[in-house]
Every structure is written in C-alpha cells, then in structure tokens.
Amino acid sequence: MSPSPRGCEYCPVNPSANLSKLGVDMRRSDYLVALGGNPNTGKSTVFNALTGLRQHTGNWPGKTVAKAEGGYDYAGHRFKLVDLPGTYSLLATTVDEEIARDFILSGQPDVTVIVVDATRLERNLNLVLQVQEITDRVVVCLNLMDEARRHGLAVDDRQLARDLGVPVVPIVARSEAGLDRLIATIAEVASGKLIGRPRRITEPQTQAARETAERPDQRIDGNQHAQSVEATYAEAARLAGRAVRQADTQPRFDLDRTIDRVVTSRVWGFPIMLLLLAGVFWITITGANVPSRLLGTFLLDTVHPWLREAAADLGVAGWLRGVLIDGMYLATAWVISVMLPPMAIFFPLFTLLEDFGYLPRIAFNLDTLFKRAGAHGKQALTMAMGFGCNAAGVISARIIDSPRERLIAILTNNFALCNGRWPTQILIATLFLGALVPARLAGAVSALAVVGVAVLGVGLTFAVSWLLSRTVLRGEVSAFSLELPPYRPPRVLKTLYRSVADRTVYVLWRAIVFALPAGAVIWIVANLQLGGTSLAERLIETLNPFGLVLGLNGVILLAFVAAIPANEIVIPTILMLTVLSGGLSGVGAGAGVMFQLESGAGTLAILRAGGWTLLTGVNVMLFSLLHNPCSTTIATIYKETGSKRWALASALLPLGVGLLLTGLVAQLWRLVAAGLTS
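Residues numbered from 1 in each chain as written. Predicted model: local features only at pLDDT ≥ 70, side-chain atom pairs only at ≥ 80, totals over all residues. Heavy atoms only, no water.

(A) Summary view of the overall build of the protein chain. Along its length, the protein chain carries 25 helices and eleven strands. Out of the 678 residues in the protein chain, the part that is buried amounts to 53%. Surface accessibility of the protein chain: about 29,500 Å² in total, with carbon and sulfur atoms responsible for 62%. (Helix = DSSP H or I, 4+ residues; strand = E, 2+ residues; numbered from the N terminus. Buried < 20%, exposed > 50% of the residue type's maximum accessible area, 1.4 Å probe, protein only. Areas by Shrake-Rupley, 256 points an atom, 1.4 Å probe, with all protein chains shown as cover.)

(B) Just the pattern of salt bridges, in detail. Scanning all chains against the criterion turns up ten salt bridges. Between Arg404 and Glu405 there is a salt bridge; the shortest N-O distance is 3.4 Å. Of the two residues examined, Arg404 and Glu405, each falls in the buried class. (Salt bridge = Lys/Arg side-chain N within 4 Å of Asp/Glu carboxyl O.)

(C) Representation of the environment of Gln246. Relative to the elements of secondary structure, Gln246 occurs in strand S9 (residues 244-246). Gln246 sits in the partly exposed class, given a relative accessible area of 42%. Spatially, the C-alpha atom of Gln246 lies 6.1 Å from that of Ala154, the residues being 92 residues apart in sequence.

(D) Main features of the state of the cysteines. One pass over the full model with this rule turns up zero disulfides. For the unlinked cysteine Cys389, the closest cysteine sulfur is that of Cys630, found at 6.2 Å. The buried category is assigned to Cys389, whose relative accessible area is 7%. Assessed through its relative accessible area of 13%, Cys630 is described here as buried. (Disulfide = S-S within 2.5 Å.)

(E) Structural view of empty space enclosed by the protein. For the structure on display, the rule yields two cavities of 30 Å³ or more. Quantified by volume, the largest cavity comes out at close to 140 Å³. Forming the boundary of the largest cavity are 19 residues, of which Met339, Cys389, Cys418, Glu568 and Cys630 lie nearest the centre. The set of elements that each furnish at least two residues to the lining of the largest cavity consists of helix H14 (390-396), helix H18 (492-527) and helix H24 (631-641). Tallied by class, the residues present in the lining of the largest cavity amount to ten nonpolar, eight polar and one charged. (1 Å grid on protein atoms, 1.4 Å probe; cavity = no way out; pocket = protein on both sides within 12 Å on 5 of 7 lines; lining within 4 Å. Points joined across faces, edges and corners; volume = space filled by probe spheres on them. Nonpolar A, V, L, I, M, F, W, Y, C, P; charged D, E, K, R; others polar.)

(F) Expanded view of the packing of aromatic side chains. According to the stated counting rule, one finds five aromatic pairs in the structure shown. Considering the side-chain rings of Tyr72 and Phe79, the 5.2 Å spacing of their centres and the 5 degrees angle between planes classify their relative orientation as stacked. Centroid distance Phe370 to Phe462: 4.7 Å. Interplanar angle 45 degrees. Geometry classified as tilted. With Phe370 in helix H12 (residues 359-372) and Phe462 in helix H17 (residues 439-469), this pair connects stretches of sequence that are 92 residues apart. One aromatic cluster is present, formed by Tyr31, Tyr72 and Phe79 through successive ring pairs. Lying over the aromatic face of Trp646, Arg645 brings its terminal NZ or CZ to 4.7 Å of the ring centre. (Phe/Tyr/Trp six-rings, centres within 6.5 Å; stacked < 30°, edge-to-face > 60°. Lys NZ or Arg CZ within 6 Å of the ring centre and 35° of its normal.)

Here it is in structure tokens:
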C-alpha cells in the first residue's frame, strides 16, 4: 500500500476518477476528509461539531441519498469534510454502503475518519478494519466515551491505537470534549506527519469489496464472502477484547433496556406510540393557533390593506393591483400564516423524538404490519414525517434502500394527513360534527372526528401499500438491520436550528414558490368575464353536477384545484368562491380576494348559504384527506423518482381513492336517508 493518499490501487469510478465526478467541489480547500462510520455512532454530531454552520447538503451524483459537506480552517489550511452515509460494511448491499465504499475506494480522501461507538466497539471495528485494507490514512474517532463510562466500560484508546496501527482519538462529540485533539490529528495525517501502517486480515476481504464495486450485478463467491466476514469479525472481537474491560464488576441498572421493555412491548408499545404522536399533534395544533393568528393579523389585516392603498396612490392599474396584491401576495400570506407556525412546532418536536432515540422504536413496532403489507418497516418513519409535511415525508423515504419499497412509501405518503390539511379538518369538524352534540362535548367529538380521519389515512396507507406490492410493484420484502440506538438527551438548541433550517424553511420556500402563481390564477379566474359571467362561475357550474354526485359541489372541487399549490388556502378559497357564485353581499373584499372569518357562526352561515349539509361537511373532511398532493409534494416526488409517470401516479392514486370513497359515502347516505323517510 502506497503511503500516498492518492495511491489506492483501485478506483470504482474509472482509472482517472476525479472529485467532480464524486460531486465534491474542492475549490479553496487544501485537504479532503471523509467521515464514515456505522449508523447511530454520533457521526452527524461529530460532523456538526467540526463544521459548525459552514455546511451544505445535496445529493450524491445520480443518487437520492443526501450528502452533507462542510469545512473548517486549521493551522493555515482549509479542510473539506464529506459526511458519508452510515454503513456497517464496505461489502455493499445497499445504496448507502455502495456510496461509502466507492468514495473511500476512489483514493481521493486525504484522511478517512471512522467514528466508532465506544460502547459497541467490537461491532464498529469491523468497518475500521475494512477501511484499513484500502488506505493507511485513517483516524479512528472513539466517540461516546461518556456513555461507555456510564455503562461501566473502560476503553484503552492507547492499546487500541497500538493494535490498529492508526491514531485513535477518544471524544465526546455532544460536549465537544476531545475535539481539538481530533482536529490536530486529522491535520497530522493529512500532511503526512502521521501515517498508519497497512493492514491485511484476509486478501479475500479487500478483493470481495473490489469485485462488488467492479461487477455489482454479479454475486461474489459465497464461501469467500463468509470467510472474509468471519475473519474480520474475529479480528474485531480480539481487538475489542484487548481494549475494553468492565470497570465496574457490579451489575448495573440498564435504563435503556428497561424503557425498551415497555415502549416496544406488544401490550404497551402501540398505545404509547399513539399517545406520543397524538401529543405531538395536539401541541402542534394548539401551539400554532396564537402565532398563526398573529401572523394572519399582520400579513392579512395590516400589510394587505396598506399594499392596496399604496398601489392605488401610485396609480397602479386595477387589474395589476388585483393580480399582484389580491392574488399573489394574499395567497402567499395565507400560506405563510397558516403553514409556518405548525411546521415550526412539529418539525422540532419530531426531531427531538429522533434525537432521543424513539423513532427507531416506532419503526420496530410497525415493522410487522408493513411487512405484511409488502412494504418496508422504515416506512413507519416516512409516514410519521408526512404528518408534518408530505414533501418532507417523501424526502425521508431515502432511508429505505429497496427502490421498490421506497417507491411504495413515496406513493402512499399523501395518505398521512399533513399539517396543511389540519385547519380544514378542525374547522369542518367543529362546525358540522361538534354542533351535533351539547356544547360541553363538542370539542371532544370534533377532536375524535379529526383523529378518526387521520387513522383512516394510516389504514389506507397499509391497504394501498398491500395492493401496490401485489400488482404494479411486486417483489420480495427486503430484510433490514434496525439498530435501536441508546436513549440520549436531545440537544434542544441544535435541534431547533437543524429542524427549522433543514426542514421548515426548505418546505415553506417550496410552498411559496408555488403559491405566488396560484394566487394570480385564482384572482384572474374570479375576475375574467366571459359573456358577463366570470370564468370561476362557469367552471363552478360545469363541475357542480359531478360534485353533487360525490356529496360535494362545484365550489369545493374548484377550490381544491385552485389549492393544489398549498392546502392551506382551501377554506379561504371556498369562502371566496361561495360568496362569488352565490351573489352574497356584505361579505369578503371582492372577487378573487380570499378571506376567512373569525366567527364560526359567520363561516357556517356562508357555507349553509352555499348549500352545505352534514353530508357535505363529512365528505369535505374525507376529500381533504384523499385528494391529489400539493404541487410542492408532486415536484418533490418528481425530483426523488426522476419520473413524470410516477409523479403523475402519485397525484392520481389518492385522488382516485378519494373520488371512490366520497361517491360511496354519498350514495349510502342517500339510501339511508331515503329509507328513513319512507
């Protein structure tokens, strides 16, 4: 093995591979550092500690696996850090493992840092030993030393370094203890001051990885693979046994295992999971009310009138004022005021559960159900993320390795009731279902109705996943390794930053991009006259017969079409179109100007004037769950799948289910009503 960081004998890209093909920009950087490790070793925490806020995310070239890049300066040099996907082995069996293997085998990194969990050293050393067979520019980052001490383990990092022949740096990434030594060690290895010794466990081990990279469509010899894996694990066990000893010989109380006996039990696992998720939803909905109202008051009641007056004073043409202010601005203001607060609450709460270590337990609890449906256990996590935002749920499907099962998760994610649809559900349930019972029970009945719709969405996720896995997406259910990480106290401030920056702002920006043109279209449709009648009224008249068959009406169908850019504007659009088509006076601010009333009684009066009945309210709740995804989600699906066909299928699938279900409910409702009156 050549000591040169560019001296690797094999390159999986091609003999003249370069960093641009690997999707890495080395401009203004002196050294390239690859950061690898098993999942749940704190690798992302190490990456964030090293790079701080100087990082960006993207996709690996040709892949839908996210990568993070960042940089830091040390001793007058610029270090580029690339966070590789978590992997257990370089004998690639998943897309994540393939990417990590190819990047390390390319010979491009000046240093490869492998983050290992000090409490699970034997298992983690398997990857270290494989990497050492490829490059001698290795630094072992021995993370979670505090947890090792908590478990009564004493890890001798010096002994481990002598046995491995490479630097071993013990750290606690969460508190950044030992981080300075890690940075200095990386610099010494990158500059050639420290060079580890080459390591060979078995020649078949390295050869197997290379053959897998060269001919991924062919299986390596089974005996060869078994021998190499066995030899590596035996060596890992030997080295871990020399470096780790039990400091405390007394039996220790294992809090993690005690909690897991409860949260993953067959008796309590599901109730706890449902209560926790219900609590997250309740906090999101309740907590978002006040900031949504404040944002709405500012953007809609203060800024909007001011913009109209300013445009009039400047002599802007009436039609242009309408398109820009009453259309584009107003639609965007609705989206921001209704969408931002729930996302800013839900995503941090969801990320806190993720950091705490509970989300893998959800996947563990639901794995059997998804397996029976022909789907992947990790779809439980993508579905849960969809309750915050379906676009974010689609992106999170990257964690599923199987392309078939990832596609099932993407196509069914819209059955998770995203936060953009909760306001519609809550309002309609309150006005039409809560009104059926005494006032003291109205809140409980309304809440149960909304939860019932959400549970229906979960049931349809299983049903449609089962149907897809046995028709157009047939295939074997893949096995996957689900490691239950230790419970860790969440880092609240970092969680807030990561969830807001990476999820909330990203999704909100996409929604705004689509809401701007949608607002213009809504205003134009409501104001463009054809033979003395607005285009909106003509469309409502055309859609009305079909809508009535479904227990809806033309106004509702047109509102859902207009709200494709953002579900948040469904109710304001329905109210505006109802006033427009019904010729109601004294309500609203004019044709094409969306509005919403503070008074529930006033809103109900407008809907009743538009012909709404209890059947209409029930089917609007069902159709709000079961209609096409918003344009942000559709665009995300196209980006993730790279296929217009699957993007179209993702839009038509829930819409078809929604039309079928609302049609059946309407017909049954009318049959029952006819039977009661006869």
